[in-house]
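# Working through the structure, step by step
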Amino acid sequence: MEIAGILIDWYAEHKRELPWRETENPYCIWISEIILQQTRVAQGLDYYHRFMWRFPDVYSLAEASGDEVMKCWQGLGYYSRARNLHTAAKDIVSRFGGRFPQNYKDILSLKGIGEYTAAAICSFAWKQPYAVVDGNVYRVLSRFFGMDTPIDTVQGKKEFKLLAQELIDWKHPDLYNQAIMDFGAMQCTPQSPDCFRCPLQDGCRACAEGRVEKLPVKEGKTVIKPRFFNYLHICCGDSILLQRRELKDIWRNLYEYPLIETAEAVDFHELQKNAAYQNLLAGVGSVQVLRFVEMPRHILSHRIIYARFYKLEVSHFGPGMSGFLQVREDDLDKYAVPRLIELYSISNGELKCCGEEKSQL
């Protein structure tokens, strides 16, 4: 069965109308592809419009401050994507004179761009015959050809990349790539696909062998580790303290309240015995606890954050707080903060429950 033509015909009838499909501008395509990594289209669409309004070309992105880029990205998760976009934009301006490179290897050399994104840009912007391989493509190919090589192994990635390249429609690589990705997202879905209405059913080995729900295969599972965050929302008059996360950890370059991370969950009495707490609150005069909020579990790709927030009012900021920013509380929305901080800020003290909130790095 020649699947390229079937997929393109299916796409002509079922494709999703999306703004980045109405342009061949590589900058717009690049932005959309980075936003859509690990992000649902419905959520990414709003961010795409917001990002393109604020940064309509590579120069505006390159010239922006890091804080401004992160603020525009706030809430989308996987913040390394925003940092890489900013770095790559500067590289395009300095190394390529502001013109988006058209060569596959040059595109691949940009920060944050891997083989999938480079192939997508080349095929969508210039109709170059580079096959894309994302989660949707893995699923369609593994089921249709009955491939049980784990997709998260070096061998699996090599096999699927070669197969995808063999199947690509050289006359219409852009349509084929869009078609197979939409097909995986809408027809050959992860759970309960409608195989009886699938145009590839007659040639699908997984369907014939009853293995649809078992493919694709993954060899390993991500180990999810718990972390325990104790945030101190410290107020003095109308000012609060913030710090910028600088280490190579989650939420780098975002702002947050002073944080004390502990090896396990602790109550406020235990927290007060912590050396970091004592150093931070030394010499502040009176300390009044205004609010305590225990957040729902905050689930990242490989971490579960158990967070507690303590709103404290102090007579004055002490010497242990000299390394923090002092900002007006009303100005908090000017800073790019993790989704967890945003959720706490809008809770108004009413969120004292256990549940879960899913997010990304």
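It should be noted that the structure appears before, not after, this text.
Just so we're clear, the structure is a prediction, and the values are computed from it rather than from any experiment.

Reading guide: rules and limits
- Residues numbered from 1 in each chain as written.
- Predicted model: local features only at pLDDT ≥ 70, side-chain atom pairs only at ≥ 80, totals over all residues.
- Heavy atoms only, no water.
- Helix = DSSP H or I, 4+ residues; strand = E, 2+ residues; numbered from the N terminus.
- Buried < 20%, exposed > 50% of the residue type's maximum accessible area, 1.4 Å probe, protein only.
- Areas by Shrake-Rupley, 256 points an atom, 1.4 Å probe, with all protein chains shown as cover.
- Lys, Arg positive; Asp, Glu negative; His and termini not counted.
- Charge placed at Lys NZ, Arg CZ, Asp CG, Glu CD.
- Expected span 1.5 Å × (residues − 1).
- Arc of directions from axis to C-beta.
- Contact = heavy atoms within 4.5 Å.

### Focus on the overall build of the protein chain
Helices and strands together make up the secondary structure of the protein chain, namely 15 helices and 9 strands. Buried residues in the protein chain amount to 50% of all 361 residues. For the protein chain, the exposed surface amounts to about 18,000 Å²; the carbon and sulfur share of it is 50%. Charge-centre separation for the protein chain: the mean point of 44 positive side chains lies 3 Å from the mean point of 46 negative side chains.

### Some words on helix H1 (residues 3-14)
Between its terminal C-alpha atoms H1 stretches 16 Å, which fits the 16 Å expected from 12 residues at 1.5 Å a residue. Taken residue by residue, H1 has Ile-3, Ala-4, Leu-7, Ile-8, Trp-10 and Tyr-11 as its buried positions. Looking straight down H1, one finds that the buried residues subtend no more than 160° of arc, so they occupy a single side. Along H1, the residues that are exposed and aim more than 90 degrees away from the buried face are Asp-9, Ala-12 and Glu-13. Turning to H1, the residues buried within the fold contact helix H9 (135-145), helix H10 (154-167) and helix H11 (173-186).

### Concerning unusual backbone geometry
Look at the link from Leu-215 to Pro-216: it is a cis peptide, with omega at 0°. Located in the positive-phi region is Trp-251, a residue other than glycine, with phi close to 65°. For Trp-251, the position within the fold is in the loop between strand E2 (239-244) and strand E3 (255-256). The residue Asn-253 is not glycine, and still its phi comes out positive at about 80°. Here Asn-253 is to be found in the loop between E2 and E3.

These figures capture arrangement, not role.
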